[in-house]
Amino acid sequence: MDQGFRIGEWLVRQDTGSVVFRGQRTRLEPKVMEVLVYLIQHRGEVLPKERLIQGVWPDTFVTDEVLTNAISELRKAFGDDPRNPRFIQTLPRRGYRLIAPVFPADETLGVDLSVLRPGQSGDSTNRSFWRNPVLPLIIGGLLMILAGLMFWPEARTVPEGPIDSIAVLPFRNSAEGSGADYLCAEIPGSISARLASIQKLRVIPTSNLLRLSEGEIEPKTIARQLGIRAVLQGWLNQIDGEISIRVELSDGLEDRVLWGQNYRRPLTDIFEIEEAVTDRIVEALRIRLSSEAELRAGRRPTESIEAYGAYLKAGFLNDQALLSGRVLENLAGSIEEYQRAIEIDPGFALPYLGLYRIYIKKGFWTTSFEDYSKARKAAERALDLDPSHPEVHLAIGAVRAFYDHEWEAAGEEYDRARELGGLMSPDFIHPLWLLWMGRFEEAREVIEEGSMRADPLSAIQALTLGYRLYYARQFEESLALSQSCGDLWLQQLCLQALGREEEALAVGLNSADMYDSSEARKVYQRAFAESGSRGFWRKWTERSVARNDKPYDIAGGFAWAGDKDRAFEWLERAYELPVALPFVSDSRFDSLKDDARYVGLLRRLGLPEEAIAIHMERRD
């Protein structure tokens, strides 16, 4: 901590008791700094006033007013608005919570912006960091590595008190080459899904922890990284139709094994193994289940072991496709296995849910009506087969909102999913629906709830969270995450939304080196020198049209370039695609809100009038 840390753009130095923002230093009283450090150590937790006072003033009697004044001083230092907080959130009658990401002081890299100011030549001989075309590629790779090492290193602490959180790690394959890798990923995945139905238990699912499939890591280290108490590890071996599994459940805070067990059973007993492990975890954690949760945790999705095996293989192949970075090319095997599971057991709902997820992904990249039609049919069939599965209602909610524009019906589906425990790991669509409805505070809460069940050392999950925060208009927090992940496009969006146009251009030029030509970089720089940010976006959008980019992004470029007519033209083209888009919460389109065509687009989507009114007023 003595080396300092960053909250957004603010550099915090505990050793000097100061906060630095763009060269301006603000000194904090020692106790005010201690309050900040305590909030950092418990980031994301709701801290009651009594706990904060006890943590910072353990041997002194102080009133609530002293703490309130300290929080007020911190808000002044960070320029935070308590009515629309970006750093410290007040929860009435509950306490305070730090909601901004935290990362090491040396995680962001300085940039010489002197050559980027409007009015200067784009061919200036002043050499900046960005002029070397190789360096941006190196830095991008380093940032992705650093994200795995440094992302939120102090943001999560192992909670004390009762054990109410667990991470279920991918199992280790004790016999490489045995073909059991899919079992090592999918058996713990099924166990974590069973545990997720228990509302008293925070579960970080196996699918969010695939980076831990290689190598041995101490449970106490994993618990500290993830901010959870219990860690389930396993080692699996498959020999001649039998599987041998050793599992251990550890308390990360006390660094001790709570329970361990060896299983050697025929592969056909896979359900018995999953059920036995789940039961023993619940018993070891002393969790009392409701009858409904017990029923869900113990329900078998199919009676066919062969169909279940195909389903597990499909999930494994899907995960591998995502990790490979070549998603569209590598999904065929997953689709084939899901379809095989359905052929074996036509009444098995989960493969249909898997197909829904795949076709939604494909539809997003291909904007194909056929893929979205397949996604809809798969979701509706899953609903017919298992209306009690929470993720089925998440899928149907997405269909109702973003394809049918039946917003009230979508809300009912999301409410049903929450009742069934399905929003323990919120999907990307649900917070977007809340944003469309103008329910920004609820969207932030759902996003935050999801972030607490993500792996903070995963660059992919951090990037997903970063885009959620961007659409929730939490630009500082989104920027911090995009910098951690090295995602230049999201950085550029956030910087532009924050009005930091020169920095946005610097990042944009860096992006041009990575996916465009060096000549294009010079064109962008000259355009900025002559016409500022609008000139840059005008040139960027012209090239985007030539590349045949998605109409939505082209519309956003024209909006930032100040060309309203062409922005609306391309939004109209986006409307011809099969899915609605989140432009109502995208800052790129704020400049269009004083045009009657904007509200016309919202009404064509069938949005409720009260939601339309909120969006028309919001320009922050």
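Definitions and cut-offs
Residues numbered from 1 in each chain as written. Predicted model: local features only at pLDDT ≥ 70, side-chain atom pairs only at ≥ 80, totals over all residues. Heavy atoms only, no water. Helix = DSSP H or I, 4+ residues; strand = E, 2+ residues; numbered from the N terminus. Contact = heavy atoms within 4.5 Å. Areas by Shrake-Rupley, 256 points an atom, 1.4 Å probe, with all protein chains shown as cover. pLDDT = per-residue confidence, 0-100. Axes fitted to C-alpha atoms, helices over the stretch in contact; angles between N-to-C directions. Parallel < 35°, antiparallel > 145°, perpendicular 65-115°, else oblique. Left-handed = near helix turned anticlockwise from the far one by under 90°. Nonpolar A, V, L, I, M, F, W, Y, C, P; charged D, E, K, R; others polar. Expected span 1.5 Å × (residues − 1). Buried < 20%, exposed > 50% of the residue type's maximum accessible area, 1.4 Å probe, protein only. 1 Å grid on protein atoms, 1.4 Å probe; cavity = no way out; pocket = protein on both sides within 12 Å on 5 of 7 lines; lining within 4 Å. Points joined across faces, edges and corners; volume = space filled by probe spheres on them. Pairing = 2+ DSSP bridges. Phe/Tyr/Trp six-rings, centres within 6.5 Å; stacked < 30°, edge-to-face > 60°. Lys NZ or Arg CZ within 6 Å of the ring centre and 35° of its normal. Core = buried A, V, L, I, M, F, W, Y, C linked by side-chain atoms within 4.5 Å. Salt bridge = Lys/Arg side-chain N within 4 Å of Asp/Glu carboxyl O. Arc of directions from axis to C-beta.

Visitor: Could you give me a rundown of the overall build of the protein chain, with the residues and numbers involved?
Guide: Regarding its fold elements, the protein chain presents 26 helices and 13 strands. The contacts in the protein chain between residues at least 6 apart in sequence include a share of 61% that link residues at least 24 apart. By element, 49% of the accessible surface of the protein chain is carried by carbon and sulfur atoms, the whole surface being about 26900 Å².

Visitor: Tell me about the confidence of the model for the protein chain, residues and numbers included.
Guide: Per-chain confidence: the protein chain averages 77 in pLDDT, with 78% of residues scoring 70 or above. Within the protein chain, the element-level pLDDT minimum falls on helix 4 (residues 135-150), averaging 38, and the maximum on helix 24 (residues 564-575), averaging 93. Low pLDDT (under 50) marks residues 106-155, which in the prediction has 94 contacts with non-local residues, meaning those over four places away or in another chain. Every residue in residues 289-295 is under pLDDT 50, and counting partners more than four places away or in other chains gives five contacts.

Visitor: Tell me about the packing of helix 13 (residues 369-385) against helix 14 (residues 390-402), and please be specific about residues and values.
Guide: Viewed as axis vectors pointing N to C, helix 13 and helix 14 meet at an angle of 140 degrees, and their least axial separation amounts to 9 Å. Viewed along their axes, helix 13 and helix 14 adopt a mutual orientation that is oblique. Helix-helix and strand crossings are classified by hand; for helix 13 and helix 14 the assignment is left-handed. Here R376, A379, E380, A382 and L383 of helix 13 come into contact with helix 14, specifically with V392, H393, A395, I396, V399 and R400. Partitioned by chemical class, the residues of the contact of helix 13 with helix 14 number seven nonpolar, one polar and three charged.

Visitor: Tell me about helix 5 (residues 181-196), and name the residues and values.
Guide: Between the first and last C-alpha of helix 5 there are 23 Å, a value that for 16 residues agrees with the 22 Å anticipated at 1.5 Å per step. Within helix 5, twelve of the 16 residues are buried, which leaves the element mostly enclosed by the surrounding structure.

Visitor: Just give me the short version of empty space enclosed by the protein, but keep the residues and values in it.
Guide: Across all of its chains, the model carries three cavities of 30 Å³ or more by this definition. In this structure, the largest cavity occupies an estimated 220 Å³ of space. In terms of lining residues, the largest cavity is bounded by 16 residues, among which I99, R444, E448, L469 and Q474 are the most central. Every element with two or more residues in the lining of the largest cavity is listed here: helix 17 (440-451) and helix 18 (459-471). By residue number, the principal contributor to the lining of the largest cavity is helix 17, which donates six residues. Of the residues in the lining of the largest cavity, the class split is six nonpolar, three polar and seven charged.

Visitor: Which residues make up unusual backbone geometry, and what values go with them?
Guide: Keep in mind that most residues, glycine aside, have a negative phi and that most peptide bonds are trans. We note that D255 has phi near 55 degrees; this positive angle belongs to a residue other than glycine. Mapped onto the secondary structure, D255 falls in the loop between strand 12 (242-251) and strand 13 (256-266). Not every positive phi belongs to a glycine, and R473 is a case in point at roughly 65 degrees. Here R473 shows up in the loop between helix 18 and helix 19 (475-485).

Visitor: Hey, could you go over the environment of A410 for me, with residue numbers and the actual values?
Guide: Examined against the element boundaries, A410 turns out to sit in helix 15 (residues 407-419). Among the residues examined, A410 registers a relative accessible area of 0% and is labelled buried. Distance from A410 to A398, taken between C-alpha atoms, is 6.8 Å for residues twelve residues apart in sequence.

Visitor: Can you break down the pairing of strand 13 residue by residue, with the values?
Guide: Two strands pair when backbone bridges link them, and strand 12 and strand 13 are joined in this way by ten bridges, in the antiparallel orientation. The partner of S250 across the bridge, within strand 13, is V257. Hairpin connection between strand 12 and strand 13: a loop of four residues separates the two successive antiparallel strands, and D255 in this loop has a positive phi of roughly 55 degrees.

Visitor: Describe in detail the packing of aromatic side chains, supporting the description with residues and values.
Guide: Scanning all chains against the criterion turns up 23 aromatic pairs. Taking 6.1 Å as the distance between ring centres and 80 degrees as the angle between the ring planes, the aromatic pair formed by F402 and W407 counts as edge-to-face. Both rings, one in W489 and one in W540, keep their centres 5.4 Å apart while their planes meet at 10 degrees; by these two values the pair is stacked. Residue W489 is located in helix 20 (residues 488-497), and its partner W540 is located in helix 22 (residues 518-546); the two are separated by 51 residues in the primary sequence. The class of W540 is buried, set by a relative accessible area of 5%. Above the ring of W570, the side-chain terminus of R573 is found at 3.9 Å from the ring centroid.

Visitor: Describe the nonpolar core, listing the residues and the values that go with them.
Guide: Core analysis: the largest hydrophobic core is formed by 128 residues, its most contacted members being L195, L232, I281 and F583. When near neighbours in sequence (up to four residues on either side) are disregarded, I281 contacts I166, I191, L195, L232, L249 and W259. If you look at the next biggest cluster of nonpolar residues, it comprises 32 residues, including V37, V62, I88 and L98.

Visitor: With reference to specific residues and values, describe the pairing of strand 3 (residues 18-21).
Guide: As paired strands, strand 2 (residues 10-13) and strand 3 are joined by three bridges and run antiparallel to one another. Counted as the bridge partner of R13 is S18 from strand 3. Taken together, strand 2 and the strand that follows it, strand 3, pair antiparallel across an intervening segment of four residues, in which G17 is found at a positive phi of about 65 degrees. Pairing of strand 3 with strand 4 (residues 24-27), which is carried by four bridges, proceeds in the antiparallel orientation. By the bridge assignment for strand 4, V19 is matched with T26.

Visitor: Residues and numbers for the pattern of salt bridges, please.
Guide: Under the definition given, this model contains 31 salt bridges. Between E380 and R376 there is a salt bridge whose closest N-O contact spans 3.8 Å. Of this pair, E380 and R376 both sit in helix 13, separated by four residues, roughly a single helical turn. Judged by relative accessible area, which is 27%, E380 ranks as partly exposed. On the accessibility criterion, R376 (24% relative accessible area) is partly exposed. Put simply, R473 and D590 hold a salt bridge, and the shortest N to O gap is 2.5 Å. Taken together, the positions of R473 in the loop between helix 18 and helix 19 and D590 in the loop between helix 24 and helix 25 (596-604) put the pair 117 residues apart, joining distant regions of the chain. In terms of burial, R473 and D590 fall into one category: buried. Within this structure, R376, E380, R400 and D404 form a network of salt bridges that share partners.

Visitor: Could you give an account of helix 25, with specific residues and numbers?
Guide: For helix 25, every residue scored as buried is listed here: Y598, V599, L601 and L602. An end-on view of helix 25 places all buried positions within 150 degrees of arc, on one side of the element. On the buried face of helix 25, the contacting elements are helix 24 and helix 26 (609-617). Looking one or two places after helix 25, you find G606, whose phi comes out positive at around 75 degrees.

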